[in-house]
Amino acid sequence: MISCQITKLGLVGSWCYRLRIRQIDRGITHDIRVLCSTLTKLSEKHRTINNNPNSTHSAKVGTTSVLANSKVPGSHHRGMELESVVTRLNELAHPSLAASWDNVGLLVEPSAPHTVTDMVLTNDLTEDVLKEARERKSNFILSYHPPIFDPLKRLTQNSPKERIIVKCIEERIAVYSPHTCYDAVSNGVNDWLISAFDNSTTEPIEHSISSIHLTGASYRVDTRIPANVIHDFMTKLAGLRGAEITDSTGLNSSGPDLRLRLSSTKEGLPGLLRILSKYPEVTEQTEIMPFSKPPIPGHGMGRLGKLRSPITLQEAVNKVKKHLNIENVRVAVGSGHSMDSQVYTLAACAGSGSSLLKGVPADLYLTGEMSHHDVLGAVAKGTSVILCEHSNSERGFLHVLKDRLQKMFDGLVSVSVSEVDRDPLQVL
């Protein structure tokens, strides 16, 4: 719903109306001048309303408010509640996939209700991108890199990061960052990056590990309890949370010791050990084995690929520039090789690949940036390196993401990729 005020203005040679429009849910004021062709239709509508005392509209020229269904840019999408948008984004790439050091998910949350109608995708949320989003009247920004990473002790106008967050809060713009979730997820940033090549196989360099144990327990505990204290032990165990018997067949034996297998959560293990310690003869007959969480197939950091057919290093460079839509890359040729050398395997890591790619056996490393010494180390081992600058190795994925999100939101939310977001470094 739009609240309007209509004022009659005199112009040279004609009349027009000035509509002062306030969008109720955003509180943003816009001035729109409607020229003579529109005036005719509006005047007819006003006469109709004024002649109908039962109308819910009022239209006295001057100060009277008029309720209209006029639309501001972007409002042709019905929108989706913020909670539903975030839920769907988390389902696309669950926050548990993120690196432990990362800061992902919903970072700025306007107070409810907040209906998302227009979403801007960007690699980095800069002041220029925020200005672009405000001009589009967007109320949700998905920033691949989190604009809040290091803890903020204050929100002032003294730094760009603080000004951005303050403005987002003032304008009721939600901010969400997926970052390393999209790096790890299958068909995410790293799969997009390595798709510059025709690979017969690809797999994560470092697999993502399930965040929970299937049984909810973290440890298996095998022990033998003397038959004469088993009742006391069972009584104490019944009052302990996080530990339970999973194999009690030993209770049916007639020997002096009864074999038991228990499972325990991380939180319940100390309590279980305190109970077992009350029986000194039990301690030497107890084994504790941690459960290993399984890797998640297809998910993880980086990608290692094997080409269907070998290509030269020069051909690899050309494919990367075409895929990333950039004119220049930096290349380090592996020791004993040339630009005509054959590439059979490659390892890719969006962003900075220094730590992840170190020591990975491959003919070629593809990443945004690496340290000087890590490049030297790779070259010394005969591995060539292509560097395309940090965000250039990530930004192109946003166009793939845009199409996915439009389908995922059932067309209820307008999704666009920022036109001003770009890598800060240029090769001149």
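See the structure above.
Residues numbered from 1 in each chain as written. Predicted model: local features only at pLDDT ≥ 70, side-chain atom pairs only at ≥ 80, totals over all residues. Heavy atoms only, no water.

1. Some details on the overall build of the protein
Selection criterion: The numbering of helices and of strands both runs from the N terminus, where a helix is a DSSP run of H or I of at least 4 residues and a strand a run of E of at least 2. Each residue is assigned to one of three classes by its accessible area relative to the maximum for its type, calculated with a 1.4 Å probe on protein chains only: buried under 20%, partly exposed between the two thresholds, exposed over 50%. In what follows, a contact means two residues having at least one pair of non-hydrogen atoms within 4.5 Å. Per-residue and other accessible areas were derived by the Shrake-Rupley procedure at a 1.4 Å probe size, with only the shown protein chains allowed to occlude residues.
Scanning the protein from N- to C-terminus turns up 13 helices and 23 strands. Looking at the 428 residues of the protein, the share that counts as buried comes to 46%. Residue pairs at least 24 apart in sequence account for 68% of intrachain contacts in the protein once pairs closer than 6 positions are excluded. Summed over all atoms, the accessible surface of the protein reaches about 23300 Å², with 51% contributed by carbon and sulfur.

2. Considerations on the nonpolar core
Worth spelling out the cut-off: By convention a nonpolar core is built from buried Ala, Val, Leu, Ile, Met, Phe, Trp, Tyr and Cys residues, the set being connected through side-chain atoms within 4.5 Å.
Counting 68 residues, the largest nonpolar core has Phe 140, Tyr 182 and Phe 197 as its most contacted members. Look past the residues within four positions of Phe 197 in its chain and what remains in contact with it is Leu 307, Ile 311, Ala 316, Lys 319, Val 320, Leu 346, Leu 364 and Leu 366. Formed by 16 residues, the second largest nonpolar core is a distinct cluster that contains Phe 233, Ala 243, Leu 262 and Val 282.

3. Here we look at the pairing of strand β8 (residues 118–122)
As a reminder of what qualifies: Pairing between strands is defined by DSSP: at least two bridges between the two strands are required. The handedness rule is simple: strands pointing away from the viewer, and a clockwise path from the first strand over the helix to the second, make the crossover right-handed.
Taking burial as the measure, the 5 residues of β8 include 5 buried ones, the bulk of the element. Summarising the sheet, β8 and strand β23 (residues 414–417) pair through 4 bridges and their orientation is parallel. When the sheet's bridge partners are listed, Val 120 is paired in β23 with Ser 416. Summarising the sheet, β8 and strand β9 (residues 140–143) pair through 4 bridges and their orientation is parallel. For Val 120, the partnering residue across the bridge sits in β9 and is Ile 141. What joins β8 to β9 is helix α3 (residues 127–135), and the crossover it makes is right-handed.

4. Some thoughts on a nonpolar patch on the surface
Quick reminder of the rule: Note on patches: the residues involved have over 30% relative accessible area and no salt bridge, like charges join within 9 Å, and the nonpolar side chains Val, Leu, Ile, Met, Phe, Trp and Tyr join within 5 Å. A pair is scored as a salt bridge if a Lys or Arg side-chain nitrogen falls within 4 Å of a carboxyl oxygen belonging to Asp or Glu.
A surface patch of nonpolar side chains, about 250 Å² in accessible area, is lined by Leu 152, Leu 155 and Ile 169. Judged by relative accessible area, Ile 169 falls into the partly exposed class, the value being 48%.

5. Regarding the pattern of salt bridges
Under the criterion given, the structure shown has 14 salt bridges. Residue Glu 170 is joined to Lys 167 by a salt bridge in which the shortest nitrogen-to-oxygen separation is 3.3 Å. Placement of the pair is Glu 170 and Lys 167 together in helix α4 (residues 160–170), with a separation of 3 residues, close to one helical turn. Residue class for Glu 170 comes out exposed when judged on its relative accessible area of 52%. A relative accessible area of 25% means that Lys 167 is categorised as partly exposed. Among the ionic pairs, Arg 395 bridges to Asp 421, the shortest N-O distance being 2.8 Å. Remark: Asp 421 occurs in the segment after β23 and Arg 395 occurs in the loop between β22 (384–387) and α13 (397–408); sequence separation between them is 26 residues. Residue Arg 395 is classed as buried on the basis of its relative accessible area, which comes to 13%. Linked by salt bridges that have partners in common, Arg 220, Asp 222 and Arg 261 make up one network.

6. Some details on the sheet that holds strand β13 (residues 219–226)
Short version of the rule: Orientation is described by axes fitted as lines to C-alpha atoms, over the contacting stretch for helices, and by angles from 0 to 180 degrees between their N-to-C directions.
Spatial ordering of the open sheet is given by β14-β15-β13-β16, a layout of 4 strands whose pairing is antiparallel. For this open sheet the edge positions go to β14 (243–247) and β16 (287–290), each flanked by a neighbour on one side alone. The mean angle between the axes of side-by-side strands here comes to 30°, regardless of whether they run parallel or antiparallel. Of the strands in this sheet, β13, β14 and β15 (257–264) are in contact with helix α7 (residues 230–238), which crosses β15 at around 10°. Against the sheet, helix α8 (residues 269–276) makes contact with β13, β14, β15 and β16, and its axis sits at roughly 15° relative to β13, the strand it touches most.

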